[in-house]
Amino acid sequence: MELYKVERVLEKYFEGETSIAEEKELQDYFATQQVAPHLEKYAALFNHFAVAKEQQFEQEMPMFEIQKEENRNKKRNLGWMSIAASVVVLMGIGTYVFYHSEPVNNSKDLGTYDDPEVAFKETQKALSLLSKNVNVGIESVKYVEEYQIAKNKVFRKTKNKSRGI
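Basis of the calculations
- Residues numbered from 1 in each chain as written.
- Predicted model: local features only at pLDDT ≥ 70, side-chain atom pairs only at ≥ 80, totals over all residues.
- Heavy atoms only, no water.
- Helix = DSSP H or I, 4+ residues; strand = E, 2+ residues; numbered from the N terminus.
- Expected span 1.5 Å × (residues − 1).
- Phe/Tyr/Trp six-rings, centres within 6.5 Å; stacked < 30°, edge-to-face > 60°.
- Axes fitted to C-alpha atoms, helices over the stretch in contact; angles between N-to-C directions.
- Parallel < 35°, antiparallel > 145°, perpendicular 65-115°, else oblique.
- Contact = heavy atoms within 4.5 Å.
- pLDDT = per-residue confidence, 0-100.

**Q** Honestly, helix H1 (residues 3-15) in this entry has me stumped. Any pointers?
**A** Owing to its 3.6 residues per turn, the α-helix brings residues three or four apart onto one side. Over its 13 residues, H1 extends 18 Å from the first C-alpha to the last, a length consistent with the 18 Å expected when each residue adds 1.5 Å. Looking at the residues trailing H1, positive phi occurs at Gly 16, about 80 degrees.

**Q** What am I meant to see in the packing of aromatic side chains here?
**A** The relative placement of two aromatic rings is captured by the distance of their centres and the angle of their planes. In the structure shown here, the tally under the stated rule is 4 aromatic pairs. Each ring, one from Tyr 13 and one from Phe 14, has its centre 5.4 Å from the other, and the planes form 75 degrees; the classification is edge-to-face. Linked through ring pairs, Tyr 13, Phe 14 and Tyr 42 together constitute an aromatic cluster.

**Q** Help me understand the packing of helix H2 (residues 20-31) against helix H3 (residues 43-54), please; the structure alone is not making it clear to me.
**A** Geometry of a packed helix pair, given as the angle between the helix axes and the separation of the axes. Running from N to C, H2 and H3 cross one another at 105 degrees; their axes reach a closest spacing of 9 Å. Our classification of the angle between H2 and H3 gives roughly perpendicular. Residue-level inspection shows Leu 26, Gln 27, Phe 30 and Ala 31 of H2 in contact with H3, the latter providing Ala 43, Phe 46, Asn 47, Phe 49 and Lys 53.

**Q** Explanation requested: the confidence of the model for the protein in the structure shown.
**A** The predicted coordinates should not be examined in detail at positions where pLDDT is low. Mean pLDDT over the protein stands at 78; residues scoring 70 or higher make up 82%. The secondary-structure element of the protein with the lowest mean pLDDT is H3, recorded at 76, while H1 shows the highest, at 86.

Take a look at the structure:
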């Protein structure tokens, strides 16, 4: 092959525009001993393709062992999947039963009164109980306020002493 043609095909090769036949021509050119000196740096690249084409993988693949391991993993996963599916089904049934069952005390509707006076008295009882609990909370807040006042007096005296007043 002429040198100008080799250079042109080599440029096309590096641009990614060559055909398989042109690449074969380049491999044939670089396989010969008549390579131009400025193109010798590309000889190793094209000679490597020829060597790589002749190499073959000779180690045996234990396909039976691989398939056996895959089957074992599939069986293990299938067992866990069936357990998970059972749990989901049981949770669904439990949720349905819990939310759709009738209340135990169906005879008496709690929280409603037919007589307004009875409703008023029950409301007063509830508010009285609430008031007692709120008052207990307010009394404990008074203790905290007294503690704060005492603490401020003590620390004011200590600060004044440390300043020399």
